[in-house]
Amino acid sequence: MTLATHPGAHPGALRPAMPATDHGAGSAAAPPPALLFDHVTVRFGAYTAVSDAHLQVADGEFVSIVGPTGCGKSTLLNVAAGLLEPTEGDICVYGRSLAGLNRAAGYLFQADALMPWRTALRNVITGLEYAGTARAEAERLGNEWLARVGLSGHGERFPHEMSGGMRKRVALAQTLIRDPRIVLMDEPFSALDVQTRVLMENELLQLWTTYRKSVLFITHDLEEAISLSDRVIILSAGPSTHPIAEFKIDLERPRDVAEIRMTPRFVELYHLIWDAMKEEVLKAYERNQRKLAD
Amino acid sequence: MIANSALAKSAPSRPARRPRRKGMPGPLVMTTLQAGLLLVLLAAWYVLVSAKIFPVFFFGNPVQVFEQIFTWFATGEIFVHLATTLIETLLAFVIGVLSGIGAGLWLGLSPLTAALFDPYIKALNAMPRVILGPIFIVWFGLGIGSKVALGVTLVFFVVFFNVFQGVREVNPVILANARMLGANRRQLLSTVYIPSALSWVFSSLHMSVGMAFVGAVVGEYLGSARGVGYLILQAEATFDVNAVFAGIIVLTAFALVLDFAVTVIEKRLIVGKPK
Ligand SMILES: Nc1ncnc2c1ncn2[C@@H]1O[C@H](COP(=O)(O)OP(=O)(O)OP(=O)(O)O)[C@@H](O)[C@H]1O
Ligand SMILES: [Mg+2]
C-alpha cells in the first residue's frame, strides 16, 4: 500500500485532507466521513479488480478518482452504492458499516439509465414517486429541476428524442431531486463535447456549492478532476487496483472550470499529479503492449 | 444555468425521409401498378378457366366468386359469421395475452420455477397445438369456447416467451438505477419489469393477433355452426368451390383489416419505444 499525500508548495496544503467546510473550531471529534472504503478488495472469480483500497470522502467534500480505463473505478462506485459487496474489507457510510443498498447515496451511472418508456419529467420524478410524494408536488419539483439543468420545456420528451447530453442532464436531475447526502458520479460528462461539458461542470459546481453534498466523482480526465475537486485520488492500473496517491486541490472557490485551468496554480498542480501518474500510465501501456504481443 | 436555448434544442436531427431510390416510382404509381397486377391475375384466372385450360370444378370462376361475396354481404348472411370469428379472435387474443404476461412475469422473476417448468414449456411449445382442436371441441363443445381455447394456446406461447425474455433481459443498469432511486420490489415490478416486458409484447402484437385468428378459423373449420371457417367448411361439403374461394378472400380481407387495426393501436400505444 503506497498511499502518499503529496503536499503542494502551498503551506495550506500541508494539513491532511479535510472537508471543504469548516466544522467550527469547538467541535471535539471530527464527524465520521460520508464514505469510508476500509481496505476493500473486490474479486470477480479469479480476477482481482480492486485490492486493499483504503480511501474516504469527508462530509461535504468533493473527491475525484482518476485512473486508467478498466482499472476498477466503476467497481469502487458500485461498492459505495451497495450494489456490489466487497470480497474483503468494509464500506462505512457516516460511520456505519453498509449492509444492502446505500440509502444515503444517489448514483449517476456511467451508462444510460433512464427508463426509455418514460418522458423526461416522469424520469426525473421517478424517485419521488417511489417515496410516495403527491403527484402534483412531485411534478412541480420535477419541472423545477428540469429548469435547473437547462431542460425546461423538454419534460414531455422521451429519452430517444433527446441527445446524449440532454439525457445526462435528465439523469442528473433524477439523482439530485431526491436530495441524497452523498452523490456518486461515474464519468458523467465523458461523452459530451467540450462546451457542453464546461457548462455542465460549472452547473455541477454551482449545485454542489448550494447543497454541499459529499461527492465521489469518477473521471479519466485529470483536468476535470482538478478543476472540480477538493481532493484528487489516483488509482493504479488494474488488476489489483488501489489508490497510489492523493492530492489536495487548494484552488480558491467559487471556481469557473474554464478559467481556473489558466491559473498558474492549476498548471502547477497538473504537473505535480501528472508526474505521479506517468509511471502508472506507462505501466498500463506496457502491459497492454505485452498483451498485444502475446 | 445551462438553460442555453441553443444547447437545449440540440435534439438529434433525423433525416427527413429516405431519398427515393433512382428508378423507383412514386407511391401513387406503385399502388396503381399493384392494383393492375391484381387485375391481370384475376383476368388470367378468368381466361384460363373460361378457355377450359383449368377445370372450373377445381378452380371456380372469379365472376361467380365475387357474386358469392356480393350475395353474402347483400343478404347480410355473412355478418353473423364475421362477428363470430371476430369475437373468437378478440377473446383468444385478450385471454392469451393476459395469461402470457402473467406466466411470463412469474417465471421470469422466479428462476427456480422457470427451471422446474422448463422441459414442459419446451414440449408444449414444440407440439403442433392445432391438434388440440378436437380435444377442445370435446371439452368445450361446438360453440365459441373451443375456438377461443385453441386461439389462447397459440397466443399464450408467443406472448409468454416474449415476456419471459423481456423480464430476463431487463437492462441491468435501469434496474440498478431504479433500486438506487428507492424502488421496493413491488415498484420495481410495476415501473421496470412490466413496462420492459410490455415493449416486448408490443413487438409481438401482430403475431399474437394473427395466432388468435388462426385459432378461431381452424377451430371453426374443425367443427362449428357459425363463423367464416364454418362457411368454408360448409361450401367444401357441397363441393361449392366458388364459395370456398369467396370465403378465403373474405378471410384474407378480414386478416388485413385486423392487422391494420393493430398497426393503428400500436402507433398510439408505443410512444417511448426503445431502439
Ligand atoms: N461483473 C464483473 N464480472 C467480471 N469482471 C468484471 C465485472 N465487472 C468489472 N469487471 C472487471 O473489473 C475491471 C474493472 O472494471 P470497471 O468497470 O470497474 O472499470 P473502470 O475503471 O470503471 O473502467 P472504465 O474507465 O472503462 O469505465 C475490468 O477489468 C472488468 O473487466
Ligand atoms: Mg467505469
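The rules behind these values
- Residues numbered from 1 in each chain as written.
- Chains lettered and ligands numbered in written order.
- Predicted model: local features only at pLDDT ≥ 70, side-chain atom pairs only at ≥ 80, totals over all residues.
- Heavy atoms only, no water.
- Pairing = 2+ DSSP bridges.
- Helix = DSSP H or I, 4+ residues; strand = E, 2+ residues; numbered from the N terminus.
- Contact = heavy atoms within 4.5 Å.
- Axes fitted to C-alpha atoms, helices over the stretch in contact; angles between N-to-C directions.
- Core = buried A, V, L, I, M, F, W, Y, C linked by side-chain atoms within 4.5 Å.
- Buried < 20%, exposed > 50% of the residue type's maximum accessible area, 1.4 Å probe, protein only.
- Donors = N, O, S within 2.8 Å, 3.2 Å for Na, K, Ca; no water.

Draft legend 1. The arrangement of the sheet that holds strand β3 (residues 47-57) of chain A in detail. Residue and element names in this part refer to chain A. The strand order across the open sheet built from four strands is β3-β2-β5-β6, with neighbouring strands paired in antiparallel fashion. In this open sheet, the two strands that pair with only one neighbour each are β3 and β6 (96-97). Of the pairings in the sheet, the one linking strand β5 (residues 88-93) to β6 comprises two bridges and is antiparallel in character. The partner of C92 across the bridge, within β6, is S97. Its contacts with the sheet put helix α1 (residues 73-81) on β2 (35-44), β3 and β5, and the angle it makes with β2 is roughly 120 degrees.

Draft legend 2. Fine view of the nonpolar core. One finds B:V163 and B:V192 to be the most contacted residues of the largest nonpolar core, which totals 49 residues. It is helix α13 (residues 241-269) of chain B that contributes the most residues to this core, eight residues altogether.

Draft legend 3. How the structure looks around the coordination of the magnesium ion (ligand 2). Residue and element names in this part refer to chain A. For the magnesium ion (ligand 2), the protein coordination sphere consists of S74 (OG) and Q110 (OE1), at 1.9 to 2.2 Å. Placement of S74 in helix α1 and of Q110 in the loop between β7 (105-108) and α2 (120-124) is noted, with a sequence separation of 36 residues between them. On the basis of relative accessibility, which here comes to 39%, the residue Q110 falls in the partly exposed class.

Draft legend 4. Molecular detail of unusual backbone geometry. All names here are of chain A. Geometrically, the link from R253 to P254 is a cis peptide bond, its omega value of -5 degrees lying close to zero. Checked against the element boundaries, P254 lands in the loop between β11 (243-248) and α8 (257-260). The backbone phi angle of H39 is positive, close to 45 degrees, even though this residue is not glycine. Structurally, H39 can be placed in strand β2. We classify H39 as partly exposed; its relative accessible area is 38%. With a phi close to 40 degrees, E187 is a non-glycine residue in the positive phi region. Residue placement: E187 occurs in the loop between β8 (182-186) and α6 (194-211). Residue E187 is classed as buried on the basis of its relative accessible area, which comes to 7%.

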